[in-house]
Amino acid sequence: MSDISTTLAGIKLVNPFMVASGILDENGYTMKELLERGAAAVVTKSIGISERDGYPTPVIVEYGDSLINAVGLSNPGIENFGEEINIAKEAKRPIIGSVFAYNAEEFTKLSVKMEEYGVDAIELNLSCPHVKGFGLEVGSDPDLVEDIVNEIKSKVKVPVFAKLSPNVSNIIEIAKAAEKADAYVLINTVKAMAIDIYSRSPVLSNLYGGLSGPAIKPVGIRYVYEVKKETGKEIIGVGGISNYKDAIEYIMAGASAVQIGTALYKYGKGIFREMEWQLRTFMDEERFEKIEEMVGVAIKR
Ligand SMILES: Cc1cc2nc3c(=O)[nH]c(=O)nc-3n(C[C@H](O)[C@H](O)[C@H](O)COP(=O)(O)O)c2cc1C
């Protein structure tokens, strides 16, 4: 029978399916439940230095099975988050601490604290607004990305994942700036907007939001393929995965593991167990013994 376990930066995963940052992962008990119901690992909601309420409503618009959200990085702040991690760790599966900040110093402070809390890896959310270059994202400034990643790598021992933004003109340049990271996470949400034609104005209080769900899957596949081909580094694929076929597409494009976010709203927490047996059946039928045999097989040299 095929083996659906995989390793990522040396971390053993019982299957390639992880919970993406921001979906049911701000609370220790829901993180624990998702792990007990089949997720191989959970990435926490992105945590910042201090508590934030986020933007006023409306913060989410539906677009078919996809979503546009502008939650505004609402989070309890790092000092209040240790207890949630303690609870999630009871499931005895890897917890990845996601952090966001506006400069290298804050990113490092958050990462060190996450490591103290006992996370198995750090994920850097590089998609928050960049104060200096207002309007741009931290992740669109290669010098800043390089500073952040290098500084954190010199201060923490656990693996560091750089979650890259798709909202840049040259992803390879940004990936290379983050090359000290142990793996890349691709992609975060795609900048988008919706207009209410009766009120004649943007729907979201923040005007713009991030598109997630099936609508962005082809964009995510393209980025994973391109970055894997150019860098050869380990990649975690995320964006629009709703079933095992979507996950296999990402793996064949070059991902060693995948994350699921928006689909959790539509299909609920049972999605992990379902994808597990469907993936195993596919691998048996297609004669893949291990996940690594599928990683990047679609890449044309
Ligand atoms: C409501 C919501 C909140 C999110 N919050 C975060 C976050 O705090 N940090 C982060 O890195 N990504 C966040 N994301 C992005 C997801 O982790 C993921 O990259 C994106 O939604 C694409 O995956 P999906 O199509 O499976 O949802 C959020 C997405 C949604 C829908």
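Anyway, here's the lowdown on the structure attached to this text. Per-chain numbering applies: the sequence of each chain, read as written, is numbered from 1 onward. Thresholds applied to this predicted model are a pLDDT of at least 70 for local features of residues and 80 or more for the giving and counting of side-chain atom pairs; totals over whole chains, interfaces and linings are not thresholded and use all residues. Hydrogens and waters are ignored; side-chain quantities use all the structure's heavy atoms.

Details of the packing of helix 7 (residues 244–253) against helix 9 (residues 271–286)
A pair of packed helices is captured by two measures, namely the crossing angle of their axes and the spacing between those axes. Comment: axis = line fitted to C-alpha atoms, over the contacting stretch for helices; angle = value between 0 and 180 degrees taken between N-to-C directions. To qualify as a helix, a DSSP run of H or I must reach at least 4 residues; to qualify as a strand, a run of E must reach at least 2; elements of each kind are numbered from the N terminus. Across the interface, helix 7 lies against helix 9 with an axial gap of 9 Å and an inter-helix angle of 60°. Put simply, helix 7 runs oblique to helix 9. Remark: the crossing between helix 7 and helix 9 carries right-handed chirality. Counting all contacts with helix 7, which are made through Tyr244, Ile248 and Met252, the residues of helix 9 involved are Met275, Gln278, Leu279 and Phe282. Side-chain classes follow a simple rule in which Ala, Val, Leu, Ile, Met, Phe, Trp, Tyr, Cys and Pro form the nonpolar group, Asp, Glu, Lys and Arg form the charged group, and the remainder, Gly included, forms the polar group. Across the contact of helix 7 with helix 9, the residue classes break down as 6 nonpolar, 1 polar and no charged. Between 65 and 115 degrees an angle is taken as roughly perpendicular, under 35 as roughly parallel, over 145 as roughly antiparallel, and anywhere else as oblique. A clockwise turn of the near helix away from the far one marks a right-handed crossing, whereas an anticlockwise turn of less than a right angle marks a left-handed crossing. Any two residues whose heavy atoms approach within 4.5 Å are treated as being in contact.

Notes on the layout of surface pockets
Empty space among the atoms becomes apparent when a probe as large as a water molecule is rolled across them. Within this scheme a cavity is a closed region of a 1 Å grid, computed over the protein atoms alone, that accommodates a 1.4 Å probe without allowing it to escape, whereas a pocket is open but has protein on both sides within 12 Å along at least five of seven lines; lining residues each have an atom within 4 Å of a point. Grid points are joined across faces, edges and corners, and a volume is the space filled by probe spheres set on the points. Space inside the second largest pocket adds up to approximately 160 Å³. Around the second largest pocket sit Asp3, Ser5, Thr6, Thr7, Lys12, Glu234, Ser256, Lys290, Ile291, Glu292 and Val295, which together line it. Within the lining of the second largest pocket, the residues separate by chemical class into 2 nonpolar, 4 polar and 5 charged.

What about the site of the ligand?
Residues in close proximity to the ligand total 22 residues, the closest being Ser21, Ser46, Gly213, Gly240 and Thr262. Distance and chemistry together define a polar contact, namely a pair of N or O atoms within 3.5 Å, with one atom able to donate a hydrogen and the other to accept it when in protein, and with adjacent residues in sequence counting only for side-chain atoms on both sides. Note that an oxygen atom of the ligand is positioned 2.7 Å from one of the backbone N or O atoms of glycine 213. We get accessible surface area from the Shrake-Rupley algorithm with a probe of 1.4 Å; when it comes to residues, only the shown protein chains can shield them. Calculation on the ligand without its partners gives an accessible area of 600 Å², and the protein chains cover 96% of this total. Put simply, a residue is near a molecule or strand once any heavy atom of it comes within 4 Å of that molecule or strand.

Quick word on the packing of helix 3 (residues 104–117) against helix 4 (residues 142–155)
Here helix 3 crosses helix 4 at 35°, and the two axes come no closer than 9 Å. As for the relative orientation of helix 3 and helix 4, their crossing is right-handed in sense. For the pair formed by helix 3 and helix 4, the contact residues are Ala104, Phe107, Thr108, Ser111, Val112 and Glu115 on the first element and Asp147, Ile148, Glu151, Ile152 and Lys155 on the second. For the contact of helix 3 with helix 4, the per-class residue count stands at 5 nonpolar, 2 polar and 4 charged.

Brief notes about the pattern of salt bridges
Here a salt bridge means any side-chain nitrogen of Lys or Arg lying within 4 Å of a carboxyl oxygen belonging to Asp or Glu. Within the structure shown, the criterion is met by 12 salt bridges. Its salt-bridge partner being lysine 266, residue aspartate 65 comes within 3.3 Å of it at the nearest N-O pair. Taken together, the residues span a long stretch of sequence, with aspartate 65 in the loop between strand 5 (60–63) and strand 6 (66–69) and lysine 266 in helix 8 (residues 263–267) at a distance of 201 residues. Note that lysine 113 and glutamate 79 form a salt bridge whose closest N and O atoms lie 4.0 Å from each other. Of this pair, lysine 113 sits in helix 3 while glutamate 79 sits in the loop between strand 6 and helix 2 (82–89); the two residues are 34 residues apart in sequence, bridging distant segments of the chain. Exposure categories follow from relative accessible area, calculated using a 1.4 Å probe and restricted to protein chains: below 20% of the type maximum is buried, above 50% is exposed, and the middle band is partly exposed. We classify glutamate 79 as exposed; its relative accessible area is 58%. Shared partners join several salt bridges into a network, and the residues in it are Glu33, Arg37 and Lys269.

Thoughts on the environment of asparagine 69
Mapped onto the secondary structure, asparagine 69 falls in strand 6. For the pair formed by asparagine 69 and leucine 211, sequence separation is 142 residues and the distance between their alpha carbons is 6.7 Å. Reaching out from asparagine 69, the side chain makes a polar contact with the backbone nitrogen of valine 71 at a distance of 3.2 Å.

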